[in-house]
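Examining the three-dimensional arrangement
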Amino acid sequence: MGRIIKLGMVALYFGGAAVLGYTEHYIFMSILLVLGVLMSYSIVRHGSIALAMKALEKQDNDKARKYLNETLNVKWLSSAYKAFYYMVDGYLLTTAGQRNEAITSYELALQNKIKRSEDKAIMLFQLSMLYAEKGNIAKSRILLKNCKDLEPKGQLLDQVKKFEKRIR
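Bear in mind that the values here come from a model prediction, so they are computed numbers and not experimental data.

Moving on, we come to the overall build of the protein. Scanning the protein for helices and strands turns up nine helices and zero strands. If you list the helices and strands of the protein from N to C, you get α-α-α-α-α-α-α-α-α. Expected size for 168 residues packed as a compact globule is a radius of gyration near 15 Å; at 21 Å, the protein overshoots this value by more than 25%. Across its three principal axes, the protein shows a C-alpha extent of roughly 75 × 30 × 25 Å. For the protein, with 168 residues in total, the buried portion stands at 40%. Carbon together with sulfur atoms contributes 57% to the accessible area of the protein, which is approximately 10200 Å² in total.

So, on to the pattern of salt bridges. Tallied over the full model, the rule gives eight salt bridges. Residues R116 and E118 are paired through a salt bridge, measuring 3.6 Å at the closest nitrogen-oxygen approach. Given the relative accessible area of 42%, E118 is considered partly exposed. Where salt bridges share partners, they join R116, E118 and D119 into one cluster.

In this structure, S128 sits in helix α7 (residues 117-133). Residue S128 is classed as buried on the basis of its relative accessible area of 0%. Setting aside residues no more than four positions away along its own chain, S128 makes contact with S140, L143, L144 and F163.

Between two packed helices, both the angle of their axes relative to each other and the distance between the axes serve to describe the pair. Remark: helix α3 (residues 49-57) packs on helix α5 (residues 79-95), axes separated minimally by 10 Å, with the N-to-C direction vectors making an angle of 35°. α5 is crossed by α3, and the crossing has left-handed handedness. Across the interface between the two elements, I49, A52, M53 and L56 of α3 pack against Y81, F84, Y85, V88, Y91 and L92 of α5. A per-class count over the contact of α3 with α5 returns ten nonpolar, no polar and no charged.

A separate point is the nonpolar core. The nonpolar side chains of a soluble globular protein tend to be buried, and buried together. Among the nonpolar cores identified, the biggest contains 38 residues, and L68, Y85, V88 and F125 are the most heavily contacted of them. Elements supplying a minimum of two residues to this core: α3, α4 (61-69), α5, α6 (99-110), α7, α8 (137-149) and α9 (154-166). Aside from chain neighbours lying at most four places away, what touches L68 is I49, A52, Y85, V88, D89 and L92.

What follows concerns α8. The periodicity of an α-helix, 3.6 residues per turn, causes residues three or four places apart in sequence to face the same way. With 13 residues, α8 extends 18 Å between its outermost C-alpha atoms, agreeing within 8% with the 18 Å of an ideal straight helix rising 1.5 Å per residue. Within α8, burial applies to S140, L143, L144 and C147. Across the axial projection of α8, the buried residues extend over an arc of 100°, all falling on one side. Facing away from the buried side of α8 by over 90 degrees, the exposed positions are A138 and I142. Looking at the buried positions of α8, the neighbouring elements they touch are α7 and α9.

The rules behind these values
Residue numbers restart at each chain and count upward from 1, following the sequence in its written direction. Whole-chain, interface and lining totals are the exception, using all residues; otherwise, since this is a predicted model, local features are given only for residues with pLDDT of at least 70 and side-chain atom pairs are given and counted only at 80 or more. Working from all heavy atoms in the structure, the side-chain values ignore hydrogens and water. Comment: elements are numbered from the N terminus, with helices defined as DSSP H or I runs of at least four residues and strands as E runs of at least two. Each radius of gyration reported is based on C-alpha atoms, and the globular scaling rule is 2.2 Å times the count of residues to the power 0.38. Here the term buried applies to any residue with accessible area under 20% of the maximum for its type, exposed to any over 50%, and partly exposed to those in between, with areas from a 1.4 Å probe on protein chains only. Computed with a 1.4 Å probe, the accessible areas rest on the Shrake-Rupley method; for each residue, only the protein chains presented here act as cover. Definition used for salt bridges: Asp or Glu carboxyl oxygen within 4 Å of a side-chain nitrogen of Lys or Arg. Residue contacts are defined here by distance: any two heavy atoms, one from each residue, within 4.5 Å place the two residues in contact. Lines fitted to C-alpha atoms define the axes here, with helix axes fitted over just the stretch in contact, and angles between the N-to-C directions of these axes take values from 0 to 180 degrees. Note on convention: the crossing is left-handed when the near helix lies turned anticlockwise from the far helix by less than a right angle, right-handed when the turn is clockwise. Residue polarity follows a fixed list, in which Ala, Val, Leu, Ile, Met, Phe, Trp, Tyr, Cys and Pro are nonpolar, Asp, Glu, Lys and Arg are charged, and the others, Gly among them, are polar. Buried Ala, Val, Leu, Ile, Met, Phe, Trp, Tyr and Cys residues that are joined via side-chain atoms within 4.5 Å together make up what is termed a nonpolar core. A helix's residues, less one, multiplied by 1.5 Å, set its expected span. Starting at the helix axis, one direction is taken to each C-beta atom, and the arc is that of these directions.

Encoded structure:
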């Protein structure tokens with residue numbers, strides 16, 4: 001659900017609570033107030049990161065950037081969502097040719113809580129490739145080793161093996 005829809009729902013919850021309070025239906029008013037607070041919390045702590053990731057999966061970079069830009073303040077996101085924010089941002093910056101900014105985003109992502117080792121491996125691999133492109137092969141090898149230590153599987157493992165041969 002996009003931020004605009006969430007904000008509309010928050011307005012409806014709080015507006016409905018005001019009407020119910022005015023008509024002295026305090027139990028229902030309380031329910032709507034709690035729902036409004038929970039939805040507000042969701043907007044602040046989660047942003048539209050899940051939507052940005054879905055757009056990225058569909059290779060719709062413009063929509064992914066739009067959803068990232070809906071984030072009120074990256075610092076307010078939960079640690080896991082902050083990591084995914086920077087992961088998506090890093091990918092979008094890489095595809096836009098902004099390598100230095102992408103490196104910064106991936107490094108910020110790695111400073112946050114990443115639950116799945118596959119996600120962390122992907123970020124380490126992306127960083128490794130970016131450092132290699134900049135000519136920092138030593139740093140690239142360290143990041144690639146860290147990626148391999150997470151035991152990537154499937155397509156990522158194949159890419160890691162190919163890339164490892166290229167930077168030897």
